[in-house]
There are 4 protein chains.
Amino acid sequence: MKFGGTSMGSAERIEAAARLTTEQHANRPVAIVVSAMSKVTDLLLDSLRRAEAGDEAGLDTNLAAMTERHVTCCRALLPAGFQETAIDGVNGLIGEFARIAKGILMLGERPLASVDRAVAIGERLSALLMAAYLESQNTRAAAVNATQVIATDDVFGNASPLMEETRNRAANVVKPLLDQSVIPVVTGFNAATVDGRPTTLGRGGSDFSAAILAAAMDAEELWIWTDVDGIMTGDPRLIPDARVLDEITYSEAAELAYAGAKVLHPRTLAPLIERQIPVWSKNSFAPEKPGTRIVAQLGGGADVAGGPHAVTSMAAVALVAIEPAGAAMSGTRLMAEALEALDSAGVELLAITSSSYRQNFCFLVREAELKVALEHLEEAFTLELTHGYVKPIEVDANVGLIAVVGEGMRGTPGLAGRIFTAISRDNINIIAIAQGSSELTIAIVVRREGLERAVRAVHRECGLGAAQGQAAL
Amino acid sequence: MKFGGTSMGSAERIEAAARLTTEQHANRPVAIVVSAMSKVTDLLLDSLRRAEAGDEAGLDTNLAAMTERHVTCCRALLPAGFQETAIDGVNGLIGEFARIAKGILMLGERPLASVDRAVAIGERLSALLMAAYLESQNTRAAAVNATQVIATDDVFGNASPLMEETRNRAANVVKPLLDQSVIPVVTGFNAATVDGRPTTLGRGGSDFSAAILAAAMDAEELWIWTDVDGIMTGDPRLIPDARVLDEITYSEAAELAYAGAKVLHPRTLAPLIERQIPVWSKNSFAPEKPGTRIVAQLGGGADVAGGPHAVTSMAAVALVAIEPAGAAMSGTRLMAEALEALDSAGVELLAITSSSYRQNFCFLVREAELKVALEHLEEAFTLELTHGYVKPIEVDANVGLIAVVGEGMRGTPGLAGRIFTAISRDNINIIAIAQGSSELTIAIVVRREGLERAVRAVHRECGLGAAQGQAAL
Amino acid sequence: MKFGGTSMGSAERIEAAARLTTEQHANRPVAIVVSAMSKVTDLLLDSLRRAEAGDEAGLDTNLAAMTERHVTCCRALLPAGFQETAIDGVNGLIGEFARIAKGILMLGERPLASVDRAVAIGERLSALLMAAYLESQNTRAAAVNATQVIATDDVFGNASPLMEETRNRAANVVKPLLDQSVIPVVTGFNAATVDGRPTTLGRGGSDFSAAILAAAMDAEELWIWTDVDGIMTGDPRLIPDARVLDEITYSEAAELAYAGAKVLHPRTLAPLIERQIPVWSKNSFAPEKPGTRIVAQLGGGADVAGGPHAVTSMAAVALVAIEPAGAAMSGTRLMAEALEALDSAGVELLAITSSSYRQNFCFLVREAELKVALEHLEEAFTLELTHGYVKPIEVDANVGLIAVVGEGMRGTPGLAGRIFTAISRDNINIIAIAQGSSELTIAIVVRREGLERAVRAVHRECGLGAAQGQAAL
Amino acid sequence: MKFGGTSMGSAERIEAAARLTTEQHANRPVAIVVSAMSKVTDLLLDSLRRAEAGDEAGLDTNLAAMTERHVTCCRALLPAGFQETAIDGVNGLIGEFARIAKGILMLGERPLASVDRAVAIGERLSALLMAAYLESQNTRAAAVNATQVIATDDVFGNASPLMEETRNRAANVVKPLLDQSVIPVVTGFNAATVDGRPTTLGRGGSDFSAAILAAAMDAEELWIWTDVDGIMTGDPRLIPDARVLDEITYSEAAELAYAGAKVLHPRTLAPLIERQIPVWSKNSFAPEKPGTRIVAQLGGGADVAGGPHAVTSMAAVALVAIEPAGAAMSGTRLMAEALEALDSAGVELLAITSSSYRQNFCFLVREAELKVALEHLEEAFTLELTHGYVKPIEVDANVGLIAVVGEGMRGTPGLAGRIFTAISRDNINIIAIAQGSSELTIAIVVRREGLERAVRAVHRECGLGAAQGQAAL
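The model shown is predicted, which means the values in this text are computed figures rather than measured ones.

(A) Just the sheet that holds strand β8 (residues 222-226) of chain B, in detail. Residues and elements named next belong to chain B. Reading across from one edge, β3-β5-β2-β1-β8-β10-β11-β9 is the order of the eight strands in this open sheet, with mixed pairing throughout. With partners counted over all chains shown, the strands left at the sheet margins are β3 (141-144) and β9 (247-249), one partner each. Sheet analysis places β3 next to strand β5 (residues 183-187), joined by four bridges and oriented parallel. The residue bridging A142 from the neighbouring strand is P184, located in β5.

The structure is reproduced here in structure tokens:
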């Protein structure tokens, strides 16, 4: 089980999380992974930035706030006998953080490895509180620093797990606790290299920690506790009648996340897919609700019927187009070299399309990666652009991506027509379309200003809303 | 002006073509480019194949048929005083062809350069007849072998023009004739290298010859005489109410041809675009009909309105999909290497799409190039496929391509929806879609068996039919 | 056993060759591979060139000469009863050749596959004569056209063997003859594709045929009969006291051939190395002389002692140097791209050297490949040369290569010093040197005019001469 | 003028350096660049390492030693009135260093940018002392932190100058001082990015600073003051009679440095070559000696005669050889891909050679780069090595490089012979040789244990020794 920041956000929430843990623990061994208390990670990062900027006063204010938050929580959460030890622990950890922050203050520089070491203190604090609370409730528990369990490469700030080493460590560190009915409370987000230097996991964060741990221990199931009821058919901020899905496949979840949905980051799924471990996405504020189950293949729920299962959108994207000029360079060669440049730049392509005699090659990137993408393209084609063998690169940043996702879509005749008609009913122009033969996503690029209306229209047309039910399809 | 095979197919047709020529010639200087008489090129190629196979009797039969056809035409076309000279000319040319064919018979091999030399005799025969007829009608004319005018590289069977050299030759060979009011009757399809070895132009044939000549001489206009009324909104064999377009842009014409329409081959357009020479596609059987005008930008005709201008389809295509397996190779790198392999194989990609987290890369090739494409892909990824870094390449040859083309399409909201809805009304499943940001083509891949129905449905939905008029859009 | 052109050059030579064959045949089964009679291949090629140029009279003269030569030989070689059949065979083959030549005459073109078919007739004639003679001497023999035995790819004029298929064919075609004590007289130089189109083997010619056959049949030994006493320490035309080597390794022989010595072409050795079949190079004019044995490892002869075994030279070479200008391109990258361009051009690099901070990269190519090499380099670096990122490519064609070859050279201290001193004694300047760590060749580039003197000086200094013996080292 | 660490090593040395400066300053404007006092940079780096390791006591000892050294020097160097200010300055700078070191101590990490900022304090201390002393001697002077003058990219620890920006800054910061007869005392080794983050120049250090500044200000001459008499014909520790050269070209100096001689690092020369600024290498302990002049072309000194000018050697090198196995990959392609891998690894190739049919490709790298080189090669050829298309990579680390350098060498017949003979006289085996056509270096690889004897033998043979003079050549 993994509890995110809001599920760990106060003494009450920690109590609730502990209850959910012990309920399951009564039936089968449970290990939990915890995030830092809500907003604590931001506070820690802000402290480090202030330290780098030389703002000693700001740093001290933050340190005080951090201490206050955790000490208050200790007092509310723990009976007298347990408070002192916990508060000592909190002070020790905050002292460790303060020492790093002071070092950064002196250097005026914020080295990556030190940042990784420092921000993990948020999770270490919440693991300490949770373990202390469980112990105070007569449930045996132990805070475990993930640096002891999860081994990674040394890409500080965005490390990747080394699974074999992690399996060995989990067997040595976590397994013995479970065998003795002690609940391991593992810090999320952080890890360490094989030679012990602290790292963090970057994208995917504590979810990724939980997935790695579940895979390393061949867990029966992984439960991700959040503050929403499950994975939804659409973003409820944009689509009032979006509803929670009973079940979704790993692939669908990956596609939704890739196209901007706030669900599990795709990299989180990789270790689970390999071991075929089902994941529950559940609401710790409403644990009685069923949540969404992420599985390899859809079972027999209401969502099994064909057609799209969810719609998502991404506003911060840009469409880039390159095109050969004259016959000096074939379009195919141009595309090959462009893709090579983008690959070496580490830019992810959200969608690609090319359909014409002109061999215009058009692709969608995240706005955050646009600058890097253009730099690498311009470097790769410096001479060709100068000599006019390649037309000037065109960029349209005033666009948004809609992705309609569902395993069964190919078996739904008329779907594409209905989707595009729905979008255009509101005078929203479609700029580009890409759908591959074996894909479960239709990617549609529209003008940015029409994005929200378009995603609502598609959600409605696909009958994904709560009122409509699946029957509509 | 260029007269194709059917426009040169008989004494009557040659008389009609001569009439069209002299009518224009009364107003402004005209050079004409002629194809071989209809079916003659096939007869010549069949003769060479028979020669290679050692079928001497078959060859002799063909030679006799060829002589008969052209001598008969001479007698029907020419007055007594002109007949003898023309018949001598015909016999001389057919003798030249026979000599090559006998050589091939002896070798049992059909070398490319000899084939190029031999098949051009069809055009030389028809140029001889046309020039003789014009002269007999008191219009001065001269048969010109294009080997004297059009210079090409030495890719026998599919040569490309060398424009500078061709401009010089045209100025020296064709211009002086025009200056003296002599109509040059230039052979289509054939040409020669700079050092005089005979070549043929391959794809685009006599149309390409005419376009090269028009560009080399900075012609005011190029008229392509065929046996249809112009460029149509769809293939009339599939779509009974397809109608002739008044006007179309170079780009639209190129896209239509690229996606399978039997209009001017795209390479034919390149020399014209460069010099901005408008092209008329007209029917020599109904010269009074306006035909279609191909221009840089649409002027003011009925087709100016936005929306698609034509629909075309291609049945002999195949959809190929490749996908990385695991993280050893990024999808972007895989695509880059695949495109490089396809480029070096000379395979043209009709459409490309990729829209998913799985980085599945899907592209459409002509069925005729599928084997070569797969061989090059498999060679490029031999080791990756063996080691499982790349999933087995998937091929779906049971598909067809529909291309909807039009400069104004992006400004037509709802179009995509209507097109896809129209296709699916008949239970035809859409397999892949590609539309780029700056493109004037939507490429749609459907199951082969639904292709004809789909193209009819799209034509109807876009209101392209004769009865519907543009009003429907 | 393989008999070259001079060993098959007259009735007397054929008698001698037959004697050498039957002598061995008395002990163990022998198959022989024969070249065309000396100068016949040149005559055939000249005939085809004349045919292409339309010189019918010249062609007829050649045909007559060819008939005369072979018929005369039949009469001198064969007893009455055998003459007629053989002469009929000769006339038949020359008729076959004449037919191809006439075809070429008519086309004015000389297609590769027809040339391959035509030139093989030289070998088919000499195989016919040899088989007839053996039969007339009561030794059973059969002429075998190599198209029945050696399978190749379809690179006409320079085909490569397909060994598995050839092994199967040899087992079916040649083996049964040997089993019945019939001597197979196989044509050298020619072969056929798997689907029966005739090819020739190009470089290596009949030697290569013999090596392929030896390997395909797992021969005990291969004997190459030539008109020299064996492989020599140097070119006897340049070095009067060059002497024959007793023994040499495959690697040494390959290096000598690569650097210009007229010994077995390196590609000839590949099939033999794989099966470890020893080769004897012997003089058919002096069969009592021991000749040179080519083996995997030197055994116990006089040449076993360390030091160089032979010296060879090549005059028709050119030295090319490229160098980065400024820091826009590293020397290493420049070299990498240059090598890629040269590889795709199929240019062989005889030696490479680079030793300086300037990252000047200097390599030696055959003069015949210089043009192609420069074209490909200039194309690869078009833009870099224009922009001055790469200095103008330098070419020095007034150079020659000396290669000193020997397995034991690395164990001979002082050798390099003595070699270079010997060269310079005569005021010959050394332009470039390349010797790799594990190589058995020192490559030395000198001014062309000093090449002959240099090679003599090196031969003398290394004590390779007949008078000197190995003792001098 | 640039004064190195030993020239700034004590009060006496600083006085001497000041004297040399003011002598020149009497004639023409002089700017000087100073290194840290000898051994101070090592002390600073050691301090930072101790801080990272948490050794607070060790750090404090070092800080005390540093203070003691500079304060003692102040007292010895400066009159009473100047001492206090200088000592305050010293304490201030050491305090700045201490703060960074404490920050590192707290983080347990040594970020590059902080290291760059910290180590530059050595130069800032010596610039402070020198400027104070000059002022105390009534010569106007000002310490200038190079961060104000030299702009670089942001490769911390090994930055490269941005010359245009540096020219502007030098004009604004250094020029006005010179105009007012104030001697600028610029810190060597350090610089800053355009946005002010401190960097260091890495290889070449203070020499490079001086060269950049000389070029940026279009200096007449650059004088590099060291503790040796000039650039020598060989390493005097190995060769007792090595002598100082009068004159040497930029190219020769670059080659010597590249091949291991302790002369100006090649990158130091680049800005000087571009502006053709002559460099003097002189001994600050014996300023009356002429030193060596580095110029574009040799003038008229004794060293003008042809032949080699110097010999150098490098022990810490390794020879790597790769070779294709079978025909799956041509040697040329293999080399191309190997060079690409080495280039992307940033490995410098000291020499390259390949001379054989086997297409064995052999190259020399620094031992320090061997590991990286092998890793990149093995990664590049993972599959080829596994499948046996490439033979196992061979490494010979027990070798040394001798480089014989001289512009006139190609015009010296017999030289190569004499060099190799000299080497082998002592039974030293030559492993590889590379000499290119337009190069001024012969690179010779010998067994490591023979390296010293070989370099002595070559020096003697080339008549480079003091006793021998140039006459011997």
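(B) View of the pattern of salt bridges. Using the criterion set out here, one finds 112 salt bridges over all chains in the structure. Between A:R50 and A:D55 there is a salt bridge; the shortest N-O distance is 2.9 Å. Owing to a relative accessible area of 30%, A:R50 belongs among the partly exposed residues under this scheme. By relative accessible area, which is 27% here, A:D55 ends up partly exposed. A salt bridge links D:R237 to D:D235; its shortest N-O distance comes to 2.7 Å. The exposure class of D:D235 is partly exposed, given its relative accessible area of 25%.

(C) Layout of the interface of chain A and chain B. In this assembly, 56 residues from chain A lie in contact with 56 residues from chain B. Carbon and sulfur atoms make up 52% of the area that chain A and chain B hide from each other, which totals about 4,800 Å². Connecting chain A to chain B are 14 residue pairs in polar contact (both at pLDDT 80 or more). Those elements that provide at least two residues to the side of chain A that touches chain B are α10 (250-258), α11 (266-275), β12 (310-322), α12 (331-344), β13 (351-354), α15 (415-425), β16 (430-435) and β17 (441-447) of chain A. The leading source of residues in the side of chain A that touches chain B is α12(A), at eight residues. When its residues are assigned to classes, the side of chain A that touches chain B shows 25 nonpolar, 20 polar and eleven charged.

(D) Just the relation of the copies chain A and chain B, in detail. Laying chain A over chain B is done by rotating through 179° and shifting 0.0 Å along the axis; what remains is an RMSD of 0.2 Å. A rotation of that kind, with that shift, is consistent with a two-fold axis. Interface overlap between copies is the fraction of interface residues in one copy that are interface residues in the other; for chain A against chain B it reaches 100%, indicating a shared surface.

(E) Fine view of the relation of the copies chain D and chain C. Superposition record for chain D on chain C: RMSD 0.1 Å, screw rotation 180°, translation along axis 0.1 Å. With an isologous cut-off of 70% or more, the 100% of interface residues of chain D that recur at the interface of chain C puts this contact in the isologous class.

(F) Main features of the interface of chain D and chain C. Across the contact, 56 residues belong to chain D and 56 residues belong to chain C. Of the roughly 4,800 Å² buried between chain D and chain C on both sides combined, carbon and sulfur atoms contribute 52%. Linking chain D to chain C there are two salt bridges. With a closest N to O distance of 2.8 Å, D:R333 and C:D343 form a salt bridge. In this assembly, chain D and chain C are joined by 15 residue pairs in polar contact (both at pLDDT 80 or more). When contributions to the side of chain D that touches chain C are tallied by element, the ones reaching two or more residues are α9 (250-258), α10 (266-275), β12 (310-322), α11 (331-344), β13 (349-354), α14 (415-425), β16 (430-435) and β17 (441-447) of chain D. The element contributing the most residues to the side of chain D that touches chain C is α11(D), with eight residues. Grouping the constituent residues of the side of chain D that touches chain C by class yields 25 nonpolar, 20 polar and eleven charged. Across three bridges, the pairing between strand β13 (residues 351-354) of chain C and β13(D) is antiparallel.

(G) Seen up close, the pairing of strand β11 (residues 292-295) of chain C. All names here are of chain C. Bridge count for strand β9 (residues 247-249) against β11 is three bridges, and the pairing is parallel. Among the inter-strand pairings, T249 is bridged to a residue of β11, identified as V295. Relative to β11, strand β10 (residues 279-283) is paired through three bridges, and the arrangement is antiparallel. Bridging from a neighbouring strand, W280 pairs with R293 of β11.

(H) Representation of the sheet that holds β16(D) within the structure. The twelve strands lie next to each other as β12(C)-β14(C)-β13(C)-β13(D)-β14(D)-β12(D)-β15(D)-β17(D)-β16(D)-β16(C)-β17(C)-β15(C), forming a closed barrel whose pairing is antiparallel. On average, each strand axis in the sheet is tilted by 30° relative to the strand beside it, whichever way the strands run. The strands that helix α15 (residues 415-425) of chain C touches are β15 (394-405), β16 (430-435) and β17 (441-447) of chain C together with β16 of chain D; relative to β17(C), the one it contacts most, it runs at about 20°. Helix α16 (residues 451-461) of chain C rests against β12 (310-322), β15 and β17 of chain C of the sheet, and its axis sits at about 130° to β12(C).

(I) Seen up close, the side chain of A:E255. Within the secondary structure layout, A:E255 lies in helix α10. For A:E255, a relative accessible area of 2% gives the class buried. Those residues in contact with A:E255, other than ones at most four positions away along the chain, are A:V405, A:L440, A:T441, B:S355, B:S356, B:Y357 and B:R358.

(J) Spotlight on the pairing of strand β14 (residues 361-366) of chain B. Residues and elements named next belong to chain B. Here β14 lies mainly inside the structure; six of its six residues are buried. Side chains of β14 alternate between two faces, with F361, F363 and V365 and C362, L364 and R366 buried alike. For strand β12 (residues 310-322) and β14, the ladder comprises six bridges, and the chain directions are antiparallel. Its bridge partner being in β14, V320 is matched across the sheet by F363. Note that strand β13 (residues 351-354) and β14 share three bridges and pair antiparallel.

(K) A look at the packing of helix α1 (residues 11-25) of chain D against helix α3 (residues 56-77) of chain D. Residues and elements named next belong to chain D. It is the contact of α1 with α3, at a shortest axis distance of 9 Å, that shows an interaxial angle of 55°. By the angle between their directions, the pair α1 and α3 is classed as oblique. Crossing handedness for the pair α1 and α3: right-handed. Listed contacts from α3 to A11, I14 and E15 of α1 are C73, A76 and L77. For the contact of α1 with α3, the per-class residue count stands at five nonpolar, no polar and one charged.

(L) Quick look at the environment of B:V295. All names here are of chain B. Inspection of the secondary structure puts V295 in strand β11 (residues 292-295). With 169 residues separating them along the chain, V295 and L464 place their C-alpha atoms 20 Å apart. Here V295 is in contact with E247, I248, T249, Y250 and P278, once residues within four sequence places are set aside.

(M) Geometry of the nonpolar core. Ranked by internal contacts, the top residues of the largest apolar core, which has 114 residues, are A:V185 and D:V185. Among the elements that line this core, the one with the most residues is helix α5 (residues 112-136) of chain D, at 13 residues. Among residues more than four places away in sequence, those in contact with A:V185 are A:I32, A:V34, A:A127, A:M130, A:A131, A:L134, A:A141, A:A142, A:A143 and A:V144. Residues B:V40, B:V90, C:F3 and C:A11 belong to the second largest nonpolar core, which totals 112 residues.

(N) Quick peek at the packing of aromatic side chains. Enumeration over the complete set of coordinates arrives at 14 aromatic pairs over all chains. The interplanar angle of 55° and the centroid separation of 5.7 Å between the aromatic rings of C:W223 and C:W225 together place this pair among those described as tilted. With respect to class, C:W223 is no different from C:W225; both count as buried. Members of the aromatic cluster, connected to one another through ring pairs, are A:F3, A:W223 and A:W225. A:R366 extends its terminal NZ or CZ atom over the ring of A:Y258, reaching a point 5.8 Å from the ring centre.

Basis of the calculations
- Residues numbered from 1 in each chain as written.
- Chains lettered and ligands numbered in written order.
- Predicted model: local features only at pLDDT ≥ 70, side-chain atom pairs only at ≥ 80, totals over all residues.
- Heavy atoms only, no water.
- Pairing = 2+ DSSP bridges.
- Helix = DSSP H or I, 4+ residues; strand = E, 2+ residues; numbered from the N terminus.
- Salt bridge = Lys/Arg side-chain N within 4 Å of Asp/Glu carboxyl O.
- Buried < 20%, exposed > 50% of the residue type's maximum accessible area, 1.4 Å probe, protein only.
- Contact = heavy atoms within 4.5 Å.
- Buried area = accessible area lost by both parts, 1.4 Å probe.
- Polar contact = N/O pair within 3.5 Å; in protein donor to acceptor, adjacent residues only side chain to side chain.
- Nonpolar A, V, L, I, M, F, W, Y, C, P; charged D, E, K, R; others polar.
- Least-squares fit on C-alpha atoms with pLDDT ≥ 70 in both.
- Axes fitted to C-alpha atoms, helices over the stretch in contact; angles between N-to-C directions.
- Parallel < 35°, antiparallel > 145°, perpendicular 65-115°, else oblique.
- Left-handed = near helix turned anticlockwise from the far one by under 90°.
- Core = buried A, V, L, I, M, F, W, Y, C linked by side-chain atoms within 4.5 Å.
- Phe/Tyr/Trp six-rings, centres within 6.5 Å; stacked < 30°, edge-to-face > 60°.
- Lys NZ or Arg CZ within 6 Å of the ring centre and 35° of its normal.

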